[in-house]
Structures are given as C-alpha cells and as structure tokens.
Amino acid sequence: MQNKTMSSEKYKEILYTIPKTEIHLHLEGMASVDTIWSLINKHNLKIPGIKNRDDIIKRFQVSNLNDFIDLFLNVIQNCYREEKDLVLQMDDARSYLKRNNIIYAEIFFAPSKFLMNGFSFETMMKYLDDGANRIKKEDGIEIRFLIDVSRSFGPENALNNLNLIIKHKKNSIIGIGLGGAESKGPAQDYKEVFRIAKDAGLRVVAHAGEDVGPESIWASINDLGVSRIGHGISAIQDKKLMNYLRETQLPLEICPMSNIFTKKYVSSYKDHPIREFYDHGIYVTVNTDDPTIFGMELIDEYFNLLDNDIFTLTEVFDLIKNNLYATFLTAPEKDKLWEKMEKVINKYK
Ligand SMILES: [Zn+2]
C-alpha cells in the first residue's frame, strides 16, 4: 500500500473523526441480523431457508443483483409485519450513522412491498418521520428520505407511490428515486411519473448503469431529468457519456463494494472505474448502498479505496466534500456543514 504511511487503525480513526454525509443508502440496507431475527421470532415467520440466525448471515452473502433484490423483498422487507416494526429499522439506521459519524444522510425507503402487505403509507411515514426527528434531537444527525418508486412493480405502482407522497407530504421526504430491477424496467416507462414529481417540487434521482449499459444512464438523464445518478458505472463504456458527465458535473453516487458484490461489471476494486471517472473530471461520490447486507460501512469504503491505492488521503477528503455538495441541502446549509467538516480535515492535512 503506497498510502501506508500510517497504520490501518490510524486511517480508520481519521475517517471516523471526520463528520460525513451519505446520499445513496437504503433504509432496509441498514437492517441488522438481530433485527431480522427478532422480527422472525416476534411474528413467528416461516421464511424458506431460514431456521436460525446463521441462516440470515448466509443469506446476506449475495452474488448478483437479482439475488440481492430477492433477499431485499422476500426476506428483509417480508419480516416487517406491522408499521411499528419500522421503529427497529430506524434504530438500526441510527446505530449505523453513529458508528460512521455520518451527520446528514439522504435515505431511500421503498414502500411498494409494504403497501402490498397492507401497510398504510401515512402510518409508515409517521414512524419514519418520528424516528428521524428523534435521531435529530438526540444525536444531532439529520435524515431526509427519498422514496424509491421502484422499477420492479411497473409504472402504475410508481404513480400510486408518488400520489401517496404528494397526498401525505412530510418535510423529511425530499424526493423520489427509481430503484429495483434495472433490467426489467426501462427508465422511459417512468417519464410521466418523474414529470409529475418534479412539478410537485420533488427532487428526482435514479439507479442507472448498475446492471444495464450506458443507454440506461442516458435514458435517466434524457427521459427522467435526474439530478444524480445512482451507480452509473457502465458510463465507462461510452466516451460521449463520460464527456457529458464531466461537462454537466452530474454527480454519480458510486457504491464500490455493492458493485463488487453484485458482480455485473466489476469483481474487484482494481476493475472498478471510479478512478477513471475521477481522473476524467466526473463528479464522483462514495456511498455504501446497503452497508449491513454487504458488511461494508462508509468508513470501510473510504478505507478500502486507500488500502487498494486507488485514492490518496487528500483525494478521499475531496470525495467526502463531493458527497456533501451533492446532497439536496441548500447552498448555505452545505457551507455550514462544510465548515464543521473542514475543521477536522485540516488537522490531517
Ligand atoms: Zn441502491
């Protein structure tokens, strides 16, 4: 490791000490094994292949995006049987954010499966909103939600989700995201949903170029008018798109370990295009996607980029700053947080 001028512990300590933000993070992706196991017991659930706590740990070892979506929808989300169970989920989120010294997070919440299980959108959002307020009050951590309208269940379901968001407007909900199975739901199908969302003053983002080629990223830009791209790693195949991303500075929410886990385009840090994006002048941010599922938290993500000699510590500071300035906070709010972060960063420069 060229960066090895300090011990791994020292690097991790520095990465912990700096207050950070995260913008690509799924609420259920912060679920702990203990929460899932306690919900299975609480509701006496029979989930195929899961008889004990160790089976959950094994099930978390996914090797492609569709396995991951199956785990997400059929195991994790399936364990939540009443809206109140989301309190445990918010507690897991709080633990994750505190462990990584994340002071502001924009978190995806995917309500479709819960709505199909009979949950009320309004009650769910009340638990999430109350949780976010409690975390703000007790820990000083700010949380905003982006509702994942999902490609997995079609445009009609997405429109239904959007209507619920508009009807039950909460301050903590700032926008929508398009997640789910990228190969099954082309962005073009969601054009109308995204137009209505923007007209309603919501921010819009989309997962794209995670499991499908650059055409999916172009469609998210041209048809959905997104403000950020989730992943975007297949952009590396399209020089014109690389140049477009550099010129527009449209942020990419890169989640290196998630891409390595799902193995669509990369299988190691060395294959990951993050460095090429950065060198090309593209706006790059680093995120975890689903930290407890992948066993890879935000500090680990930054540390691994150092440990694999992909970025220097000074460049990691730059990535931490990029993440803050790609949030949907207002410019004065960003500057205020940056002041706090820079004070710590300057100690290590
Ligand atoms: Zn994601």
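Residues numbered from 1 in each chain as written. Predicted model: local features only at pLDDT ≥ 70, side-chain atom pairs only at ≥ 80, totals over all residues.

## Brief notes about helix α16 (residues 313–325)
Side chains of residues three or four places apart in an α-helix project in the same direction, reflecting 3.6 residues per turn.
Then, in step 1: Under the 1.5 Å per step criterion, the end-to-end length of α16 is 19 Å for 13 residues, consistent within 8% with the ideal 18 Å.
Then, in step 2: In this structure, the buried residues of α16 make contact with β1 (20–26), β8 (284–286), α15 (298–307) and α17 (331–347). (Helix = DSSP H or I, 4+ residues; strand = E, 2+ residues; numbered from the N terminus. Expected span 1.5 Å × (residues − 1). Contact = placed C-beta atoms within 7 Å.)

## A short note on the packing of helix α8 (residues 154–167) against helix α9 (residues 191–199)
Geometrically, a packed helix pair is captured by the angle between its two axes and the distance between the axes.
Then, in step 1: Look at α8 against α9: their axes get within 9 Å of each other, and the N-to-C directions meet at 10 degrees. Between α8 and α9, the interaxial angle falls into the category roughly parallel. The two elements α8 and α9 meet at a crossing, and its hand is left-handed. Counting all contacts with α8, which are made through P155, A158, L159 and L162, the residues of α9 involved are V193, I196 and A197.
Then, in step 2: Across the contact of α8 with α9, the residue classes break down as seven nonpolar, no polar and no charged. (Axes fitted to C-alpha atoms, helices over the stretch in contact; angles between N-to-C directions. Parallel < 35°, antiparallel > 145°, perpendicular 65-115°, else oblique. Left-handed = near helix turned anticlockwise from the far one by under 90°. Nonpolar A, V, L, I, M, F, W, Y, C, P; charged D, E, K, R; others polar.)

## Points about the environment of I102
Then, in step 1: Take I102: it is sitting in strand β2 (residues 102–109).
Then, in step 2: Accessibility expressed as a C-beta count within 10 Å gives 23 for I102, which makes it buried.
Then, in step 3: As a C-alpha pair, I102 and E142 span 40 residues in sequence and 8.9 Å in three-dimensional space. (Buried ≥ 20, exposed ≤ 12 C-beta atoms within 10 Å, placed from the backbone.)

## So, the sheet that holds β8
Then, in step 1: Across the sheet, which stays open at both edges, the eight strands sit in the order β1-β2-β3-β4-β5-β6-β7-β8 with parallel pairing between neighbours. At either end of the open sheet lies a strand with only one pairing partner, and these are β1 and β8. Pairs of neighbouring strands in the sheet enclose a mean axial angle of 25 degrees, with direction left out of account.
Then, in step 2: Strand direction decides the pairing type here: strand β6 (residues 228–231) and strand β7 (residues 252–254), joined by two bridges, are parallel. Residue pairing in the sheet places G230 in a bridge with E253 of β7. (Pairing = 2+ DSSP bridges.)

## Concerning the environment of V193
Then, in step 1: Structurally, V193 can be placed in helix α9.
Then, in step 2: Classification of V193 by C-beta neighbours within 10 Å gives buried; the count is 23.
Then, in step 3: Each C-alpha atom of the pair V193 and I176 lies 9.8 Å from the other, and the pair is 17 residues apart in sequence.

## With respect to the nonpolar core
Then, in step 1: One finds I107 and Y302 to be the most contacted residues of the largest nonpolar core, which totals 100 residues.
Then, in step 2: Considering each element in turn, this core owes the most residues, eight residues, to helix α4 (residues 65–76).
Then, in step 3: Discounting residues that sit within four places of it in the chain, I107 has contacts with L25, L27, A93, I143 and F145. (Core = buried A, V, L, I, M, F, W, Y, C linked by C-beta atoms within 7 Å.)

## Observations regarding helix α7 (residues 121–139)
Then, in step 1: The terminal C-alpha atoms of α7 lie 26 Å apart, and with 19 residues this matches the ideal 27 Å at 1.5 Å per residue to within 8%.
Then, in step 2: Turning to α7, its buried residues number three or more, namely M124, M125, L128, G131, A132 and I135. Around the axis of α7, the buried residues are gathered within 125 degrees of arc, so they sit on the same side. Opposite its buried face, α7 presents the exposed residues E122, K137 and E138, each directed more than 90 degrees away.
Then, in step 3: Those residues of α7 hidden inside the fold are in contact with α5 (86–99), β2, α6 (112–116) and β3 (142–148).
Then, in step 4: Two residues or fewer past α7, G140 is found with a positive phi of approximately 70 degrees. (Arc of directions from axis to C-beta.)

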